[in-house]
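# Structure at a glance
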Amino acid sequence: MALLKYISEAPILNPQVFSIFGHLIKSNQQVHDFQYIIINDYLQLKGVEDGLQFVRRVIFETDDALSFEETARVFNAETLTTRSELYMVMVIVSRVDGFFDKDEGKFFEQFARFCGDFSKVDGKAIRQAARLRKLLKTENSKYRSGRRSSTHDNLFRISQKEYLRAIKECRKIANEDFQMIKPICEETIASAEAMVNRIQTMIESWESSTTEQDMSVALSAFAKRISDVILPAAKAYRLKINQKEAAVEDFTIVLVGRTKAGKSTLKAVLTGSGKDEIGKGKQRTTLVNYIYEWNSLRIIDTPGIDAGGDAEQVDKDIADKALAEADVVCYLTPCDGVPKKTIEFIDEIVKSNKPVLVLLNYKQNIRDEDDLEDFLDEPDEWRSDKGKNSIMGYYAPIRSAAEANGYDKMVSCYPVFLLAALMADESKYSEYATTLRSASGIDEFLASLKIIVVEQGTFLRSKTIIDDSIGHCSAWLDDFRVSQKTIVNQLEILRSTKTETFRKIDKAQQRFLDNSAKAIRQEFKVLATQYAKRFAETHFTQKKGLDKAWNDYCRQIGFEQRVKNAIDVELSDFSKVLCDIFDDLAVDMGEAIRGTNTSMKTPLRMDLFPAREVTRFVGSALGIAGTIVLIVANTNPIGWVLTGASIVVGIVSSLFKKKVDREKAAQDKLYTKLKEEINKQCEKTVADFLKVAKKETGAIVEKTKGVYIRLQRCIEAIIAESDVMCAQWEDQIAQMNNRFAIRVLQYLNPDEQ
């Protein structure tokens, strides 16, 4: 093979180093037939023919398999020439299947961390992989050991010319459809990413200390829904499209089903190879997707999908990768379990929007001479077995379920005896080959495959590519619309509550101003009627330092603090009203999200909506308390009284002769003057306070209303943009529907194309 010219004579120091190929293959859970051919040839060239055992140990996860770290240490112990050569073969192995995926990319990143950078040979290796793939696709029979089965030599019982014509037409149709679908997928992803970035940029532009970010929770939830659900789904589908496009040259049959159902046996019957991979006992022997490619046909053998526990989910994920590439799905099940479980599996597979051929595999070992003789006496008796685990015991429930669930046109059932078909190709049983093959039921199954490939191939390709894309895009659009409903609901709430909310805010401000003025007057009243009188009684004889005494007295009775406290009470009430207004709004918005969640398969996260935090900004209104109380202090409700009081005391002292009368008159005069000045200054203080307080609270009110208005405008802008996105998606879906309608007409009227 052309690989040979790159192979040196450097010896392999430790054959366990070939475990590295197992880890490479295991990285994306798929092993391609071509990869085994390349590895086998390389091992033969290096004179280590038993080296494949180390590859298999890793793939099949045996107890004696080397871990990646252990393999890396063995690799690093080889000579530089051998390491470079091994790396080049690794690159060829990763590319010879025609598709290099992200999991393989991650493997090479890990390899570089443990073993160093050998990427300078990447270009040469990639080019060589392309040449080898072309060679293997056209002449791989020269490089495969073992005898071809009669089934494989003429798989569909049709002429090679007819078969290749059908495959060529399928390829042509698929390439046309991919040219349409791929840009649509890219545009969908780009528009969704742009929407997320637009919302995030909008939110980040708002002040973190204000309530916009809290009030915009529905916008955040909408963006998160797109980024966490819709975008990953679209990107995963893009990967599936790329996988399918990589296999566009071939017709792909995917074998799925229960563990030990006979998938590997069917592959051996169809391809004439892989008999040594057929499971023995009850263990799972297929742990990765095994891909066989020949003559424009790809067969993918998947792991069993009922291993139980975590392994079952892993196996389903591995099988899903294969379903993305399938043109037709063959579901195998032995007749030794519960039909309900089989029906559930078929229900899941049908969702892949591909025809499903159910093979009901009769399981009986007839290799024993006596058992074989009994079988040959009545070769069709297995079809007429009675009981719930018989062929008919399986067939009837599956057909009934298919009809009841509306996918009877997509599912066909075929009773088969795969062991009999396998034995028909073995030289040991050549004299019974005709009987074994005829009784196996394999030809009925192949006849159905012929119809699918030759007569329905082009239509099924379009169905797989276009109709499947329509289904995915429609699902994304539906999810997007439901998610959009959260911000539409929020906008409706903002619009419907705006007038009443603004009225409540204005009313709360006026109530604060009125109540604060009333509280200030009350404190001045108490000062004038109680404390001023007590001060006059104790200070009427003081002629010097009366101003200081009055100041000390006011501080002693805490007058300024009482004024501040009274205003604080009203300010707290004002803040609480604003908090309650937005708290109620937050609750309404939370209920809107909950209402939307009832119609969503994957609900929006409610922890994105902290209702109480929405009032954080409003609480900052308390910050104006210091400003407002400072106004009270600046009006000096202490000092302005004392100047007049000093004058009053001086006048009074000269008018009375009797001591008692003089004292009482002095007290009354001082008290009267204090009270007059206090009452006069009270109104000035209230007026000054209201002037500043109205300005300060007015700023808070306008800022609060501004949040409301900005949020409404932002949501309106996002809704308008998302409506444009929806319209674009609808137009793309319409284009795909039109293309698929053309494909349907071409299928129904092939002569009019």
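Let me sum up the structure you'll find in this document. Computed from a predicted structure; not experimentally measured.

### Side note on the packing of aromatic side chains
Using the criterion set out here, one finds 32 aromatic pairs in the structure. When the centroid spacing of 5.4 Å and the interplanar angle of 70° are considered together, the rings of F502 and Y708 count as edge-to-face. Remark: Y708 occurs in helix 26 (residues 659-748) and F502 occurs in helix 20 (residues 457-539); sequence separation between them is 206 residues. Just as F502 is buried, Y708 falls in that class too. Ring geometry for F535 against W550: centres 4.9 Å apart, planes inclined by 80°, an arrangement best described as edge-to-face. Of this pair, F535 sits in helix 20 while W550 is found in helix 21 (residues 546-557), placing the two residues 15 residues apart along the sequence. The class for W550 is buried, based on a relative accessible area of 0%.

### Overview of the packing of helix 1 (residues 19-27) against helix 3 (residues 52-59)
The N-to-C vectors of helix 1 and helix 3 enclose an angle of 35°; their axes lie 7 Å apart at closest approach. By crossing handedness, the relation of helix 1 to helix 3 is classed as right-handed. Contact residues: helix 1 offers S19, F21, G22, H23, I25 and K26, while helix 3 offers F54, V55, V58 and I59. Residue composition of the contact of helix 1 with helix 3, grouped by class: six nonpolar, three polar and one charged.

### Re the sheet that holds strand 7 (residues 411-416)
Spatially, 1-3-4-2-5-6-7 is the arrangement adopted by the seven strands of the open sheet, whose pairing is mixed. Of all the strands in the sheet, the pair left with one neighbour each is strand 1 (30-32) and strand 7. Strand-to-strand twist across the sheet, computed as the mean angle between neighbouring axes with direction ignored, equals 20°. Where strand 5 (residues 328-334) lies against strand 6 (residues 356-361), six bridges are found, and the strand directions are parallel. Following the sheet pairing, V329 is matched in strand 6 by V356. Those strands touched by helix 16 (residues 391-404) are strand 5, strand 6 and strand 7, and its axis lies near 175° from that of strand 7.

### Quick word on unusual backbone geometry
Leaving glycine out, the prevailing phi sign among residues is negative, and the prevailing peptide bond configuration is trans. Of note, the phi angle at Q29 is positive, near 60°, even though the residue is not glycine. Residue placement: Q29 occurs in the loop between helix 1 and strand 1.

### Quick look at the packing of helix 9 (residues 160-204) against helix 11 (residues 217-246)
Orientation of helix 9 relative to helix 11, taken along the N-to-C sense of each, is 160°, at an axis distance of 9 Å. By the criterion of interaxial angle, the relationship of helix 9 to helix 11 is roughly antiparallel. Handedness of the helix 9/helix 11 crossing: left-handed. Taken together, the residues of the contact of helix 9 with helix 11 break down into 17 nonpolar, three polar and seven charged.

### Regarding helix 5 (residues 80-95)
Look at helix 5: 23 Å from first C-alpha to last across 16 residues, which is about the 22 Å you get at 1.5 Å a residue. In terms of residue burial, helix 5 counts as a mostly covered element, since 12 of its 16 residues are buried. Among the residues of helix 5, those classed as buried are T82, R83, E85, L86, Y87, M88, V89, M90, V91, I92, V93 and S94.

### Considerations on the pairing of strand 5
By the criterion of burial, strand 5 is predominantly enclosed, with seven of the seven residues buried. Taking every second residue as pointing to the same face, both faces of strand 5 are buried, with V328, C330, L332 and P334 on one and V329, Y331 and T333 on the other. Alignment of strand 2 (residues 251-257) against strand 5, held across five bridges, turns out to be parallel. Its bridge partner being in strand 5, V254 is matched across the sheet by V329.

### A few points about helix 16
The end-to-end C-alpha distance of helix 16, which contains 14 residues, comes to 20 Å, matching closely the 20 Å that a straight helix rising 1.5 Å per residue would cover. Restricting attention to buried positions, one finds in helix 16 the residues I391, Y394, I398, R399, A401 and A402. In an axial view of helix 16, the angular spread of the buried residues amounts to 165°, which keeps them on one side of the axis. Turned more than 90 degrees away from the buried face of helix 16 sit E403 and A404, all of them exposed. G406 occupies a position one or two residues after helix 16 and carries a positive phi of about 80°.

The rules behind each value
Per chain, residues are indexed from 1 in the order of the written sequence. Selection of residues for local features in this predicted model requires a pLDDT of at least 70, selection of side-chain atom pairs for listing and counting requires 80 or more, and totals for whole chains, interfaces and linings are taken over all residues. Excluding hydrogens and water, the side-chain values take into account all heavy atoms of the structure. Two rings belonging to Phe, Tyr or Trp (six-membered ring only in the last case) form a pair when the distance between their centres is within 6.5 Å. Interplanar angles under 30 degrees mark stacking, angles over 60 mark edge-to-face geometry, and anything in between is tilted. Secondary structure elements are defined from DSSP: runs of H or I of at least 4 residues count as helices, runs of E of at least 2 residues count as strands, and each element is numbered from the N terminus. Relative accessibility thresholds used throughout: buried, under 20% of the residue-type maximum; exposed, over 50%; partly exposed, between the two (1.4 Å probe, protein chains only). A fitted line through C-alpha atoms represents every axis, and for helices the fit uses only the stretch in contact; the resulting angles, taken between N-to-C directions, go from 0 to 180 degrees. Whether a crossing is left-handed or right-handed is set by the direction in which the near helix is turned from the far one by less than a right angle, anticlockwise for left-handed and clockwise for right-handed. In this analysis, two residues are considered to be in contact whenever any of their non-hydrogen atoms come within 4.5 Å of each other. Side-chain classes follow a simple rule in which Ala, Val, Leu, Ile, Met, Phe, Trp, Tyr, Cys and Pro form the nonpolar group, Asp, Glu, Lys and Arg form the charged group, and the remainder, Gly included, forms the polar group. Strand pairing is assigned whenever DSSP identifies at least 2 bridges connecting the two strands. When an angle is under 35 degrees it counts as roughly parallel; over 145 it counts as roughly antiparallel; between 65 and 115 it counts as roughly perpendicular; any other value is oblique. By definition here, a helix of n residues has an expected span of 1.5 Å times n minus one. Read the arc as the range of directions from the helix axis to the C-beta atoms.

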